[in-house]
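# Working through the structure, step by step
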Amino acid sequence: MALDPDTLRQLLDTVARFVRERLVPLEHKVAEDDAIPMDIADAMREMGLFGLSIPEDYSGLGLTMAEEAQVAFELGQTSPVFRSLIGTNNGIGSQGLVIDGTDEQKRKYLPQLASGAMISAFALTEPEAGSDAGALRTSARRDGDHYVLNGTKRFITNAPHAGLFTVFARTDADSRDSRGVSAFVVEAGTPGLTVGAVDRKMGQKGGHTADVILEDCRVPALNLIGGKEGQGFKTAMKVLDRGRLHISAVCVGVAERLIRDSLAYAMERKQFGQPIAEFQLIQAMLADSRMEAYAGRCMVMETARAKDTGVDVSTDAACCKLFCSEMVGRVADRAVQIHGGAGYIADYGVERFYRDVRLFRIYEGTSQIQQLVIARAMIRDANGGRSA
Ligand code: COS
């Protein structure tokens, strides 16, 4: 249910203040320590940030997509890793249950995810299945009132902290494509589930990914999301439609932050006797970044509002993800350029953002996958609904 305008304003102001006063001063330390302090995670819990997208019936804030996007614009104004901590509970880790879960599954898990008492993870990617998500090999064999899961999941965000995993596995051993895939919720601590060593990443330090290994892991049949086999791939795609829009909003937020920092630096830094902001070549970079971030903001809001009316926005969400993730890459590159030597030096933080934003073009579907989703939909529409 949509918030009244005053309540939404209050929420956005609170998040903006929290970002400015608590998160921005910690950016460097979090990257150095590769950890987000406990009190920050607790403050996020108190603010309800883990349950932005979880319906009020299950103790979340139940924000509309347009409202959630606006919160993501604010959260994007700092290191993306802070958003990543709450990202899985609001997005890929919880939405499988929200969209396709049974009432019982929702009642059991969503309130814990909304409060942040439990962190969730989305275990789709495998060593040999990433972009081709339907080709996954993890198997789920029915055995009485359980399924037995075997396989390895890779690069799983928040896996080291997760209490709950949404695991995609093949229930139809004879199938080779997406139709044989089902989705399960698997609790951490289930015998047979282990989490591998934390991956060493290019950026987003303080956020952790790892392998999730399933070895004869027995999961109650009740944990099959929606109670129906063969629906898992579609669940994953629906979750990603939403996730891609959320990530796009974060990209816009980060771009706006980098533009602000670049402008401040350009107005202060003097060369040839004047602030470099006076030079037209610097102005061109500032203007291009401003233009692109504005375009991204408009695309995200337009698509989020359409999604809230119940329209299928898969193609437009892919457009947003493609544009916004590429856009923030260009903005970060210009930010380094405007900062000159300082842009390359860790103390100024710009190079950290440059590394952090590189991930946006890869996860929740690479830019190439977004292009494929968009073009295939164009061809399908031109063919009157039939695939190419
Ligand atoms: N919502 C609902 N259903 C969807 C859907 C969506 N957004 N996208 C596809 N489907 C359905 C299709 O309608 C089709 O249903 P039918 O079998 O009933 O016709 C089914 O899912 C299979 O779709 P499709 O044939 O398009 O699947 P492909 O295997 O060709 O793959 C891509 C499609 C490549 C687009 C998909 O695998 C993908 O998005 N890959 C990237 C995955 C990803 O983002 N990985 C990152 C890991 S998570 S951080």
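Residues numbered from 1 in each chain as written. Predicted model: local features only at pLDDT ≥ 70, side-chain atom pairs only at ≥ 80, totals over all residues. Heavy atoms only, no water.

## Some details on helix H7 (residues 103-115)
Operational definition: The helix count covers DSSP runs of H or I at least four residues long, the strand count covers runs of E at least two residues long, and both are numbered beginning at the N terminus. What a helix should span is 1.5 Å times the count of its residues minus one. Bend angle per residue: angle between axes fitted to the 7 residues ending at that residue and the 7 residues starting there. Categorising residues by exposure relies on relative accessible area from a 1.4 Å probe, with only protein chains included: less than 20% of the type maximum marks a residue as buried, more than 50% marks it as exposed, and the intermediate range marks it as partly exposed. Throughout, a contact is declared for two residues whenever any of their heavy atoms are within 4.5 Å.
Taking 1.5 Å per residue as the helical rise, H7 with its 13 residues ought to reach 18 Å, and the 18 Å between its terminal C-alpha atoms agrees with that figure. The largest bend in H7 comes to about 35 degrees, at Tyr 109, with the proline Pro 111 one to four residues further on. Taken together, the buried positions of H7 are Gln 105, Lys 106, Tyr 109, Leu 110, Leu 113 and Ala 114. Packing partners of the buried residues in H7 comprise helix H5 (80-90), helix H6 (95-100), strand E1 (120-123), strand E4 (164-170) and strand E5 (181-187). Taken from the residues just after H7, Gly 116 is the one with a positive phi, measuring 85 degrees.

## Section: the site of the ligand
Note the threshold: Nearness is defined per residue: one heavy atom within 4 Å of the molecule or strand is enough. For this analysis, a polar contact is any N or O atom pair within 3.5 Å, provided that within protein one partner can donate a hydrogen and the other can accept it, and provided that sequence-adjacent residues contribute only side-chain to side-chain pairs. For the accessible areas, the method is Shrake-Rupley and the probe is 1.4 Å, while residue cover comes only from the protein chains on display.
Around the ligand, the structure places 20 residues, and the nearest of them are Ser 131, Lys 234, Asp 241, Arg 244 and Arg 376. In this structure, Gly 365 approaches the ligand through a main-chain N or O atom, which is 3.0 Å from an oxygen atom. For the ligand, the protein covers 68% of the area, taking 1000 Å² as the surface of the free molecule. Secondary-structure elements contributing two or more residues to the shell around the ligand are helix H8 (232-268) and helix H13 (367-382). Sorting elements by how many residues they give to the shell around the ligand places H8 first, with seven residues.

## Considerations on a nonpolar patch on the surface
Here is the rule: Like-charged residues within 9 Å of one another, or nonpolar side chains (Val, Leu, Ile, Met, Phe, Trp, Tyr) within 5 Å, are grouped into patches, provided each residue has over 30% relative accessible area and no salt bridge. Only one rule defines a salt bridge in this text: a Lys or Arg side-chain nitrogen within 4 Å of an Asp or Glu carboxyl oxygen.
A cluster of nonpolar residues, Tyr 344, Ile 345 and Tyr 348, forms a patch on the protein surface that exposes about 400 Å² of accessible area. Mapped onto the fold, Tyr 344 is located in helix H11 (residues 341-344). Classification of Tyr 344 as exposed rests on a relative accessible area of 70%.

## Re the domain arrangement of the protein chain
Convention followed: Residue ranges for the domains originate in an automatic or database domain assignment. Buried area adds together the accessible area that both of two parts lose upon being put together, with accessible area traced by a 1.4 Å probe.
We note that the domain assignment places domain 1 (5-115), domain 2 (120-231) and domain 3 (234-382) within the protein chain. When each unit is reduced to the centre of its C-alpha atoms, the spacing between domain 2 and domain 3 is 30 Å. Residue-level contacts link nine residues of domain 2 with 13 residues of domain 3. Approximately 950 Å² of surface area, both sides summed, lies buried where domain 2 meets domain 3, with 64% of it carried by carbon and sulfur atoms. Summed over the shared surface of domain 2 and domain 3, the number is zero salt bridges. Taken together, the connections running from domain 2 to domain 3 amount to four residue pairs in polar contact (both at pLDDT 80 or more).

## Topic: the packing of aromatic side chains
Keep this limit in mind: Pairing of aromatic side chains requires ring centres within 6.5 Å, counting the rings of Phe and Tyr and the six-membered ring of Trp. Pairs whose planes differ by under 30 degrees are stacked, by over 60 edge-to-face, and all others tilted. Two conditions define a charge sitting above a ring: the NZ of Lys or the CZ of Arg must be within 6 Å of the ring centre, and it must be within 35 degrees of the ring normal.
Evaluated as defined, the whole model comprises four aromatic pairs. Measuring from ring centre to ring centre gives 4.9 Å for Tyr 147 and Phe 184, while their planes differ by 65 degrees; the resulting arrangement is edge-to-face. Here the residue Tyr 147 occupies a position in strand E3 (residues 146-157), and Phe 184 occupies one in strand E5, the gap between them amounting to 37 residues. Residue class for Phe 184 comes out buried when judged on its relative accessible area of 0%. With centroids separated by 6.0 Å and ring planes inclined at 85 degrees, the aromatic side chains of Phe 272 and Phe 279 adopt a geometry described as edge-to-face. Since its relative accessible area comes to 79%, Phe 272 is described here as exposed. Overall, the relative accessible area of 24% leaves Phe 279 in the partly exposed class. Taking NZ or CZ as reference, Arg 290 lies 5.7 Å from the ring centre of Tyr 294, over its face. When the ring centre of Phe 73 is taken as reference, the NZ or CZ atom of Arg 297 above it lies at 4.2 Å.

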